[in-house]
Amino acid sequence: MKSEVRPEVLVIGAGVSGLTTALTLARAKVPVRVVADRPPRQSTSCAAGAIWGPYLVSHDHIKRWSQESYDVLIRLAIRQDLGEPTGVRMVAGVEASRAADTPPGWATELTGFRMCSVDELPDGFVSGWRYTSPVVDMPVYLDYLVGELTTLGLTVEARHFASIDDAVAQAGVTVNCTGFGAHRLVPDGELSPVRGQLAIAKNPGLSEFFAEYSEEADDLIYFLPQGDHVVLGGSAEPGEREMRCDPDTIAGIVRRCAQIEPRLHGVEVLESRVGIRPSRPMVRVEHVRLGQRHVIHNYGHGGAGVSLSWGCASEIRDIVLDLIS
């Protein structure tokens, strides 16, 4: 049932899902407010690696959502190459496994895909493949999204909601993009925290990425060059929700990356980052009616928030337009 009036839409959350959703709605001429209890640069999204790839997430629409996001990121990488700071670059590299694995289907469709020979792999790895994929410098990328919202007259308002009912009282349509915060806000007992840590180091000349592949979300090794710095990862700590970097964990990350890439031995670490991935058995993109008001949930993306962001935002835009038209 459609609303009789065209309401203002309230988007809660200023990570990559919230900002992308708000921007997609605003570009569709929908009146939008963006509210968050933390600014974008303090969100979990800002602590992401990040390289495009629909890793360890489940939903029937994953392929469509990730493909749409990939297409947008390619266009933003072109703009980065032309001098606009979007934070997105197309980077070639290797994904490798310590087992005799086959690549995921999405990887085989990427530019430059091919299987690696054994002599192309680091010691201890027995299978691998090359491809080119978008790599995203998250602080720069979040600044880009905020800048796009600013050009449309929008700002991120600081506000904390105690419950989803409190939020829904503020607008006819509320879009919940609170990540792990939905555990408390909704509440959603299916969400579980997975703390991730990474290091930002001076780039000693790396131009290609490396990512360890495994069907298990353990402490996998990856390094992602982002211009003059390189992101070193990573960690996966299920059940941990404290936003605190552990120096021993960071040292272990740097050590493991240096075992793969000798140029990282003795690298200067510039900063450490930590975030709480919102792990869920299935991504939640769902419209729920609460009386005369509406909630659209958009959370539970695990470590694939960037990879699904534009596709999920488009689906939410279509739901909203149907509600308010």
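Some remarks on the overall build of the protein chain
- For the protein chain, the helix and strand inventory stands at eight helices and 15 strands.
- Relative to the globule expectation of 20 Å for 325 residues, the C-alpha radius of gyration of the protein chain, 20 Å, shows essentially globular dimensions.
- Dimensions of the protein chain, computed from C-alpha atoms along their principal axes, come out at roughly 65 × 35 × 35 Å.
- The burial tally for the protein chain puts 56% of its 325 residues in the buried class.
- Restricting to contacts in the protein chain with at least 6 residues of sequence separation, those with at least 24 account for 75%.
- Carbon together with sulfur atoms contributes 51% to the accessible area of the protein chain, which is approximately 14,100 Å² in total.
- Of the charged side chains in the protein chain, 31 are positive and 41 negative, and the gap between their average positions amounts to 5 Å.

Let's talk about the side chain of H229
- Counting through the fold element by element, H229 comes out in strand β11 (residues 229–233).
- For H229, a relative accessible area of 13% corresponds to the buried category.
- Here the side chain of H229 touches D228 through a polar contact of 3.1 Å, side chain to side chain.
- Excluding residues within four positions of it along the chain, H229 makes contact with D137, I200, A201, K202, N203, L224 and L270.

Focus: the packing of helix α2 (residues 62–81) against helix α8 (residues 305–324)
- At their nearest, the axes of α2 and α8 sit 6 Å apart, and the two run at 105° to each other. By the criterion of interaxial angle, the relationship of α2 to α8 is roughly perpendicular. Contacts between α2 and α8 pair I62, R64, W65, S66, E68, S69, V72 and L73 from the former with V306, S307, L308, S309, W310, G311, C312, S314 and E315 from the latter.

Description of the pattern of salt bridges
- A complete count under the given rule lists 19 salt bridges for this structure.
- R195 is the salt-bridge partner of E237, the closest N and O atoms lying 2.9 Å from each other. Of the two residues, E237 sits in strand β12 (residues 237–238) while R195 sits in strand β8 (residues 192–202), which places them 42 residues apart along the sequence.
- Classification of E237 by relative accessible area gives buried; the value is 17%.
- The partner of E240 in a salt bridge is R195, with the nearest N and O atoms 3.9 Å apart. Separated by 45 residues along the polypeptide, E240 in the loop between β12 and α7 (247–260) and R195 in strand β8 bring together distant segments of the chain.

What to know about the sheet that holds strand β2 (residues 32–36)
- In spatial order, the strands read β6-β2-β1-β7-β15-β14; together these six strands make up an open sheet with mixed pairing. Every other strand in the sheet has two partners, leaving β6 (156–158) and β14 (284–290) as the edge strands with one partner each. Ignoring strand direction, the axes of neighbouring strands in this sheet form an average angle of 25°.
- Along the sheet, α8 contacts β1 (9–12), β7 (173–176), β14 and β15 (293–299); its crossing angle with β15, the most-contacted strand, is approximately 175°.

Focus on the nonpolar core
- Judged by nonpolar contacts, the single largest core of 64 residues is most densely connected at Y141, L145 and V320.
- Here L145 is in contact with V16, L19, T20, L23 and W310, once residues within four sequence places are set aside.
- V94, L232, I260 and L264 belong to the second largest nonpolar core, which has 21 residues in total.

Regarding helix α4 (residues 138–151)
- The first and last C-alpha atoms of α4 sit 20 Å apart over 14 residues, in line with the 20 Å expected at 1.5 Å per residue.
- The complete set of buried residues in α4 reads M138, P139, Y141, L142, Y144, L145, E148 and L149.
- Where α4 is buried, its residues touch α1 (16–27), α2, β3 (88–97), β5 (127–136), β13 (269–279) and α8.
- One or two positions beyond α4, positive phi appears at G153, with a value near 85°.

Digging into the confidence of the model for the protein chain
- The share of residues in the protein chain with pLDDT of 70 or more is 97%, and the mean pLDDT across the chain is 94.
- Between residues 1–6, whose pLDDT stays under 50, and residues either more than four places distant or in other chains, the model counts 14 contacts.

Brief notes about the packing of aromatic side chains
- Throughout the structure, instances matching the rule amount to nine aromatic pairs.
- Look at W129 and Y213: their rings are 5.3 Å apart centre to centre, the planes differ by 70°, and that puts the pair in the edge-to-face class. Here W129 is found in strand β5, whereas its partner Y213 is found in the loop between β9 (209–212) and β10 (222–226), with 84 residues between them in sequence. This pair shows no difference in class: W129 is buried, exactly as Y213 is.
- Here Y131 and F209 contribute two aromatic rings whose centre-to-centre distance is 5.4 Å and whose plane-to-plane angle is 45°, an arrangement assigned as tilted. You can see Y131 sitting in strand β5 and its partner F209 sitting in strand β9, a full 78 residues away along the chain.
- By relative accessible area, Y131 is classed as buried at 1%.
- Taken together, the ring pairs in this structure connect W52, Y55, Y70, W106, Y131 and F209 into an aromatic cluster.

What counts, and where the lines are drawn
Residues numbered from 1 in each chain as written. Predicted model: local features only at pLDDT ≥ 70, side-chain atom pairs only at ≥ 80, totals over all residues. Heavy atoms only, no water. Helix = DSSP H or I, 4+ residues; strand = E, 2+ residues; numbered from the N terminus. Rg over C-alpha atoms; globule rule 2.2 N^0.38 Å. Buried < 20%, exposed > 50% of the residue type's maximum accessible area, 1.4 Å probe, protein only. Contact = heavy atoms within 4.5 Å. Areas by Shrake-Rupley, 256 points an atom, 1.4 Å probe, with all protein chains shown as cover. Lys, Arg positive; Asp, Glu negative; His and termini not counted. Charge placed at Lys NZ, Arg CZ, Asp CG, Glu CD. Polar contact = N/O pair within 3.5 Å; in protein donor to acceptor, adjacent residues only side chain to side chain. Axes fitted to C-alpha atoms, helices over the stretch in contact; angles between N-to-C directions. Parallel < 35°, antiparallel > 145°, perpendicular 65-115°, else oblique. Salt bridge = Lys/Arg side-chain N within 4 Å of Asp/Glu carboxyl O. Pairing = 2+ DSSP bridges. Core = buried A, V, L, I, M, F, W, Y, C linked by side-chain atoms within 4.5 Å. Expected span 1.5 Å × (residues − 1). pLDDT = per-residue confidence, 0-100. Phe/Tyr/Trp six-rings, centres within 6.5 Å; stacked < 30°, edge-to-face > 60°.

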